[in-house]
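Chain by chain, the residues run as shown.
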Amino acid sequence: MKTRLWLLDITDRVVDGVSETHLWGIDDAGRRVLVIDRRFRPYFYLLLAENVDFASVTPDVKKKLTPLLPVTLKQETKKQFFGRPVNALKLVYDNAEDTVSTSRLLAKIPGIKTSLEHDVRFSSKYLIDNEVNPCGWCEVDIDELEHAEDAQVDAVYLAATPPKPIDLEARPPLRILSFSTICYSSRGTPRPERDPIVILSLATNAGDVTHFMAEDSDQALIEAFIAYINAFDPDVISGYGINTSNWPYLLKRAQLHGLALQVDRAQSEPHRSVYGHIAVAGRANVDLYDFADEVPDVKVKTLANMARYLGVLKAENQTPVEDLEVAALWDDPAQRPRLLTHADHTAQTVLALTHVLLDFALQLANLVGLPLDHVGPAAVGFRTENYLMKQAHRLHELVPRRTRRPYVPYAGGTVLKPKPGLHENVIVLDFTSMYPNIMLTQNVSPDTYVPKEAADPPSGVSVAPEVKHRFRRSPPGLYTQALASLLTSRDALKRTMAGLSPSHPEYRVLDARQSAVKVITNAVYGYAGWVGARWYSRPVAEATTAWGRYTIKRTIALARELGLDVIYGDTDSIFVQHDEARTDRLLQRVQDELGLEIRADKVYTSVLFTEAKKRYAGLLPDGRLDVVGLEVARGDWTEAAKTVQEQVLILLLTEKSPEKPIAFVHHYLQRLRRQEVPYRDLVIWKTLTKPLAQYKVRAPHTEAARRLLEQGWDLTVDDKVGYVITKGSGRLYERAIPYQFSSYDELDLAYYEAKQILPSAHRVLAAFDVSEEQLRLPASRNPLPT
DNA sequence: GCGCCCCTCATACCC
DNA sequence: ACGGGTATGAGGGGCGCG
């Protein structure tokens, strides 16, 4: 018998000392199935030192193994390590838990260089070796199970063969459940030991929106949630911040009531897993917050902000509920319905956001080979690494161990000094995927690097400028093959998409796929320079940026030869006058001489530069303002400062003279003094990047955080603190108050004028020789209230 | 005690 | 826990001044 399985989740366990793998998925008839594979065995390698043969080490290995568990030894002669053929002993075990401890012991035997792949997760090896990907289809021969398995699925089977990847068009329809909770706290952050969950709202893609309310306690609420999940039987459970907040809270509350939070398909409970996330066996628990980083335009990553930006926050009619208000709303029978509406709305928003982000998550999981619930919480480096491990398997390359290394800095890209002032009709020319293409064309990879003392290999080498690192020309290395595959697949996806209407159902999937491919393509260079990477290689990273600097330098020279004035440039781009004939010739010459593609990107009808690098603003042909690096583009300036700067820029770039902008600033300052600028536009948001105790200086946002803590609020690393500056004397940090605890009358408006509005406006007006003095309100008029 | 200088710390951006 | 390059503001210490 055969089954075709779309892989949703993979778990493993040890039964009677033997590891087994559980494949949870959906078959091509839409049934939820579990396939148990007892055939795949844990293993690791012992790498033999050079000029050491199997015969001279095997007896020692066997001797050490005797008192240990049964192990099968295999001689591997087809493996490579960093591109060099090696001999390795493969030790195959029964129990994955035994491999790590014995690998360390055996690596000390003379003639053994090191142990390898003992530090790769068992389930990862399973997927990689079988070339099976999560969120993709596989085919497997199955037998009936001799004993019943306690799993909440339509069928449980035993694998009779290893699974084989197969190409089936569409994924099966998934049952999705999104939820959110509201906890009651009379003071500060709710504590699970003390404060109940008062509302749990959920929304499903079957169209149901439901909530459960606490009565005397939240026990019935939790029981109702468990019952609902088991009845609806979702494949995907999603939420916003559920890995850090909702799940841990629910688990603690359930524990206090003596309840088992049985919501998975294995009759067990959610538990913390490798990347600190919560795993729900047999389902995919997806925390959408983990994908918020993919949307850099959203600075303060609340659910509402994400949803608004992605266009899924339909009903904005209701006033948002602040954490501070929850207790009062719950306690007031007249207000409680508002809280319930808010809760339901939140769950619906999470579901809507899931629809937007899930395709990307599925494609990323499938591309890099991490299970759906792992791929979100896994950092970019680990996503990239998993993709590389899959490539390595195909090339018979052994996976290097994770080791601690010292950090040694190296030089990056070139940034040109801009020509300050207003420029008209400017085009931006960009290299397409500069670093990936450099690595591809020069065969830059950890396994093609020729060490300083080594002689040139027969294939010849390419030599990086400045740093002089050498890379053998052939055969293609691990990175090279990975990038070739990524770059060609993205091209193909783009071509297919071009032939489809964006409304075509396939289009969304292809677009999600190409985004996933792009993310990993762009991450490979950074991965190479990350000291935590298994395939870390400083020469690779350093050579890549050196070729990049050479490339941009030559491009500038070619532009000048063609009579094009270079106004600015950063790493892989140059800004020149928009002269079609000359830029066309430049693109051709760059392609011919450098073998890299440079493309016309944006055109600015007018663009303004200050003296500073990485900061400019321009008008696009459709009239939109594009702001780069300036305060408008930053999350740590007040909305007030950003609004003013944005208006000043629009007026400046359209009028090309400073009169109207100056008048606008004056007008805005008057409104500020009359308290007509909304209070929330005067809040400053800053991220806590470490625990409060580790700060070496007192800063406004750390002191505001301290005040929040005193009032019972929890703050963790990566939380944003919103504060305002109040009147009084002394340091700013003494006057920085969490915005919830202050009011308009207490604000130091002079600070907002002098340190927010005026600098951000002046920054862009300085190019027109406007002084900050000219932007201030005349002293006689509208004096500041004291 | 205050203003000034210079340096460090901290954050967030660009590519 | 992917890279380096860059701008900017506030804190903090040292110094001279009154």
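Structure shown above.
Residues numbered from 1 in each chain as written. Chains lettered and ligands numbered in written order. Predicted model: local features only at pLDDT ≥ 70, side-chain atom pairs only at ≥ 80, totals over all residues. Heavy atoms only, no water.

Novice: How should the overall build of chain A be read in this particular structure?
Specialist: What chain A contains, in helices and strands, is 21 helices and 31 strands. For a compact globule of 786 residues, the expected C-alpha radius of gyration is about 28 Å, and chain A comes in at 30 Å, within 12% of that figure. For chain A, the C-alpha atoms occupy an extent of roughly 95 × 80 × 55 Å along the three principal directions. Across the 786 residues in chain A, those meeting the buried criterion constitute 52%. Carbon and sulfur atoms make up 50% of the accessible area of chain A, which amounts to about 35,300 Å² in all. Taking the 95 positively charged and 100 negatively charged side chains of chain A as two groups, their mean positions are separated by 6 Å. (Helix = DSSP H or I, 4+ residues; strand = E, 2+ residues; numbered from the N terminus. Rg over C-alpha atoms; globule rule 2.2 N^0.38 Å. Buried < 20%, exposed > 50% of the residue type's maximum accessible area, 1.4 Å probe, protein only. Areas by Shrake-Rupley, 256 points an atom, 1.4 Å probe, with all protein chains shown as cover. Lys, Arg positive; Asp, Glu negative; His and termini not counted. Charge placed at Lys NZ, Arg CZ, Asp CG, Glu CD.)

Novice: What's the story with the side chain of Ser606 in this structure? I'm lost.
Specialist: By secondary structure assignment, the location of Ser606 is in strand β26 (residues 598-609). Within the local environment of Ser606, its side chain forms a polar contact with the backbone oxygen of Leu653, the two atoms lying 3.4 Å apart. (Polar contact = N/O pair within 3.5 Å; in protein donor to acceptor, adjacent residues only side chain to side chain.)

Novice: What should I look at first to understand the protein's contact with DNA strand C in this one?
Specialist: Ala379, Tyr407, Gly412, Lys613 and Arg698 are the nearest of the 30 residues found near DNA strand C. The sugar-phosphate portion of DNA strand C accounts for 88% of its atoms within 4 Å of the protein, the bases making up the rest. Residue Gly412 places a main-chain N or O atom 2.7 Å away from a sugar or linking oxygen belonging to DNA strand C. Going through the elements one at a time, α10 (380-394), α13 (505-528), α19 (732-735) and α20 (749-765) are the ones with two or more residues in the surface near DNA strand C. Of the residues assigned to the surface near DNA strand C, the class counts are 18 nonpolar, 5 polar and 7 charged. (Near = heavy atom within 4 Å. Nonpolar A, V, L, I, M, F, W, Y, C, P; charged D, E, K, R; others polar.)

Novice: When you look at empty space enclosed by the protein in this model, what are you seeing that I'm missing?
Specialist: Gaps left between atoms show up when a probe the size of a water molecule is rolled over them. Taken as a whole, this structure holds 2 cavities of 30 Å³ or more when the rule is applied. Considered as a void within the structure, the largest cavity measures approximately 120 Å³ in volume. As for the largest cavity, its lining consists of 13 residues, of which Glu117, Ile128, Asp129, His393 and Val399 are closest to the centre. Elements with a contribution of two residues or more to the lining of the largest cavity: β4 (43-48), α3 (122-130) and α10. Among the residues forming the lining of the largest cavity, the class breakdown is 7 nonpolar, 1 polar and 5 charged. There is about 30 Å³ of room inside the second largest cavity. (1 Å grid on protein atoms, 1.4 Å probe; cavity = no way out; pocket = protein on both sides within 12 Å on 5 of 7 lines; lining within 4 Å. Points joined across faces, edges and corners; volume = space filled by probe spheres on them.)

Novice: Explain the protein's contact with DNA strand B here, please?
Specialist: Looking at DNA strand B, there are 20 residues lining it, with Asp572, Gly635, Thr689, Tyr695 and His701 nearest. Among the atoms of DNA strand B close to the protein, meaning within 4 Å, 92% are from sugar or phosphate groups. The separation between a phosphate oxygen of DNA strand B and a polar main-chain atom of Gly629 is 2.8 Å. Interatomic distance of 2.7 Å between a side-chain N/O atom of Thr687 and a phosphate oxygen of DNA strand B. For the surface near DNA strand B, the per-class residue count stands at 5 nonpolar, 6 polar and 9 charged.

Novice: Explain the sheet that holds strand β15 (residues 209-213) here, please?
Specialist: Adjacent strands of a sheet pair through backbone hydrogen bonds, lying either parallel or antiparallel. Across the sheet, which stays open at both edges, the 5 strands sit in the order β15-β14-β13-β16-β19 with mixed pairing between neighbours. Every other strand in the sheet has two partners, leaving β15 and β19 (284-287) as the edge strands with one partner each. Each adjacent strand pair in this sheet contributes to an overall mean axis angle of 20°, direction not counted. Relative to strand β16 (residues 236-239), strand β13 (residues 176-183) is paired through 3 bridges, and the arrangement is parallel. Of the residues in β16, the one forming a bridge with Ser178 is Ser238. Strand contacts of helix α4 (residues 219-232): β13, β14 (197-204), β15 and β16, with the helix running at about 15° to β14, the strand carrying the most contacts. (Pairing = 2+ DSSP bridges. Axes fitted to C-alpha atoms, helices over the stretch in contact; angles between N-to-C directions. Contact = heavy atoms within 4.5 Å.)

Novice: Sorry, what's going on with the layout of surface pockets here?
Specialist: As a volume, the second largest pocket reaches approximately 1,300 Å³. Cys135, Asp167, Gln363, Asn366 and Arg513 are the residues nearest the centre of the second largest pocket, which is lined by 36 residues in total. The element that contributes the greatest number of residues to the lining of the second largest pocket is α13, accounting for 6 residues. Residue classes in the lining of the second largest pocket are distributed as 18 nonpolar, 8 polar and 10 charged.

Novice: What is the right way to look at the sheet that holds strand β9 (residues 112-116) in this model?
Specialist: Strands sit in the order β5-β8-β4-β9 across an open sheet of 4 strands; the sheet is antiparallel. The strands lining the two open edges of the sheet, one partner per strand, are β5 (72-76) and β9. Neighbour-to-neighbour, the strand axes of the sheet open up by a mean angle of 25°, direction not taken into account. By the bridge criterion, 5 bridges tie β5 to strand β8 (residues 88-92) in an arrangement that is antiparallel. Each residue of the ladder has a partner; that of Thr72, found in β8, is Val92. Across the sheet, helix α1 (residues 54-65) touches β4, β5, β8 and β9, and the angle it forms with β8 is around 25°.

Novice: How do you make sense of unusual backbone geometry when you look at a structure like this?
Specialist: At the junction of Ser474 and Pro475, the peptide bond is cis and its omega measures out at -5° in the coordinates. Along the polypeptide, Pro475 turns up in the loop between β23 (470-472) and α12 (478-498). In this model, Glu117 sits at a positive phi of 70°, which is unusual for a non-glycine residue. You can see Glu117 is positioned in the loop between β9 and α3. Classification of Glu117 as buried rests on a relative accessible area of 8%. One non-glycine residue, Thr571, adopts positive backbone phi at about 65°. Turning to its location among the elements, Thr571 is positioned in the loop between β24 (566-569) and β25 (573-577).

Novice: Would you mind showing me how to read the nonpolar core here?
Specialist: If you look at the biggest cluster of nonpolar residues, it comprises 97 residues, and the most contacted ones within it are Leu372, Tyr479, Trp535, Ile574 and Leu586. In terms of residue count, helix α8 (residues 336-368) provides more of this core than any other element does, 14 residues in total. When sequence neighbours within four positions are dropped, the list of residues in contact with Tyr479 reads Leu388, Met439, Val444, Ser445, Pro446, Val524, Tyr527, Ala528, Trp535 and Val540. With 49 residues, the next largest nonpolar core counts Val665, Val677, Leu688 and Leu692 among its residues. (Core = buried A, V, L, I, M, F, W, Y, C linked by side-chain atoms within 4.5 Å.)

Novice: Teacher, can you tell me more about the environment of Pro320 here?
Specialist: Topologically, Pro320 is positioned in the loop between α6 (303-309) and α7 (326-331). For Pro320, a relative accessible area of 63% translates into the label exposed. Considered as a pair, Pro320 and Leu339 are 19 residues apart in the sequence and their alpha carbons are 9.6 Å apart. With near-sequence residues (within four places) excluded, Pro320 lies in contact with Glu325 and Arg338.

Novice: What's the story with the state of the cysteines in this structure? I'm lost.
Specialist: Covalent bonding between the sulfur atoms of two cysteines is what defines a disulfide. Inspection of every chain in the model, using the stated rule, returns 0 disulfides. No disulfide involves Cys138; its nearest neighbouring cysteine sulfur is the one of Cys135, lying 12 Å away. With relative accessibility at 1%, the residue Cys138 sits in the buried group. (Disulfide = S-S within 2.5 Å.)

Novice: Quick question: what am I supposed to make of the packing of aromatic side chains here?
Specialist: Think of a pair of aromatic rings as described by two things: how far the centres are apart, and how the planes are tilted against each other in angle. A full pass over the atoms with the stated rule returns 32 aromatic pairs. Arranged with centres 5.7 Å apart and planes meeting at 55°, the rings of Tyr449 and Phe471 form a pair that is tilted. Placement of Tyr449 in strand β21 (residues 449-450) and of Phe471 in strand β23 is noted, with a sequence separation of 22 residues between them. When its relative accessible area of 22% is taken as the criterion, Tyr449 is described as partly exposed. (Phe/Tyr/Trp six-rings, centres within 6.5 Å; stacked < 30°, edge-to-face > 60°.)

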